[in-house]
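If you want the building blocks of each chain, they are given just below.
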Amino acid sequence: PYTTLFRSKTTVTVNGESVGAVAPGKYLKVSRAWRAGDKVAVTFDFKARKLDAPVGRNHASAPFQAVTWGPIALARDENTDPNYAAPVAIQAAADGTVAVERITPTSPTHKLEFRVPTKDGFITMCDYASVDGWKGKHVQTWLPKAPGK
């Protein structure tokens, strides 16, 4: 079930022609006679998705959610969002996709920043790799769910 969340629409072409189906977690073997000037293009499926924390031995993890953009984990950075740890209800479609809006970063350290829809408006999230939380502030990737959500 976990891998079905990541069914990919990633495509690979050589000289504009598809070279086969791409499967998440698998290698794509391209067997051909290569020539100088061949062009390989990879188009990644960068949909935003909401992931609910798995319920396992630690049942306290259940009321948390995360947002990814393709393979990139998003985070709330206390430096740009003082309410970084407030519970939220991320708005997602039935298939888990989230209609995020990519925006101009508000922090010079953020490479990517997004407006993420919630039941009560929008929150701002950035790519985890460029958070500025390492300067004595906090970062939240697993967001607490608003009660009853």
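A. Inspection of the pairing of strand β9 (residues 113-118) at higher detail. Burial analysis of β9 places 5 of its 6 residues in the buried class, which makes it a mostly covered element. Sheet analysis places strand β8 (residues 101-103) next to β9, joined by 3 bridges and oriented antiparallel. Its bridge partner lying in β9, Glu101 is registered against Arg115. As judged from the 6 bridges shared by β9 and strand β10 (residues 121-127), these two strands associate in the antiparallel manner.

B. View of the nonpolar core. Ile90, Val116, Ile123 and Met125 are the most contacted members of the largest nonpolar core, which has 13 residues in total. Counting only elements with at least two residues in this core, the list comes to β5 (64-69), β9 and β10. In this structure Ile123 touches Arg76, Val88, Ile90, Phe114, Arg115, Val116, Thr118 and Leu143, once residues within four positions along its chain are discounted.

C. Looking closely at the sheet that holds strand β3 (residues 40-43). Reading across the sheet, the 3 strands line up as β2-β1-β3 and stay open at both edges, with antiparallel pairing between neighbours. One side of each edge strand has no neighbouring strand; the edge strands of this open sheet are β2 (17-18) and β3. Inspection of the sheet shows strand β1 (residues 11-14) paired to β3 by 4 bridges, in the antiparallel sense. Each bridged residue has a counterpart across the sheet, and for Thr13 the counterpart in β3 is Ala41.

D. Molecular detail of the pattern of salt bridges. Across all of its chains, the model carries 5 salt bridges by this definition. The residue Arg76 makes a salt bridge to Asp81 at a minimum N-O spacing of 2.7 Å. The two residues Arg76 and Asp81 agree in class, both being buried. Taking the shortest distance from any N to any O, the salt bridge between Arg115 and Glu101 comes out at 3.2 Å. On the criterion of sequence distance, the pair formed by Arg115 in strand β9 and Glu101 in strand β8 is long-range, its members being 14 residues apart.

E. Broad picture of the packing of aromatic side chains. What the rule picks out here adds up to 3 aromatic pairs. With 6.0 Å between their ring centres and 85° between their planes, Phe44 and Phe46 make a pair best called edge-to-face. A centroid spacing of 5.0 Å and a plane angle of 50° characterise the contact between Trp69 and Phe114, whose relative ring orientation is tilted. Linking Trp69 in strand β5 with Phe114 in strand β9, this pair joins segments that are 45 residues apart in sequence. Note on Trp69: relative accessible area 16%, which makes it buried. A residue is classified by how much of its surface remains accessible, and Phe114, at 1% relative accessible area, is buried. A network of ring pairs unites the aromatic residues Phe44, Phe46, Trp69 and Phe114 as a single cluster.

Rules used throughout
- Residues numbered from 1 in each chain as written.
- Predicted model: local features only at pLDDT ≥ 70, side-chain atom pairs only at ≥ 80, totals over all residues.
- Heavy atoms only, no water.
- Buried < 20%, exposed > 50% of the residue type's maximum accessible area, 1.4 Å probe, protein only.
- Helix = DSSP H or I, 4+ residues; strand = E, 2+ residues; numbered from the N terminus.
- Pairing = 2+ DSSP bridges.
- Core = buried A, V, L, I, M, F, W, Y, C linked by side-chain atoms within 4.5 Å.
- Contact = heavy atoms within 4.5 Å.
- Salt bridge = Lys/Arg side-chain N within 4 Å of Asp/Glu carboxyl O.
- Phe/Tyr/Trp six-rings, centres within 6.5 Å; stacked < 30°, edge-to-face > 60°.

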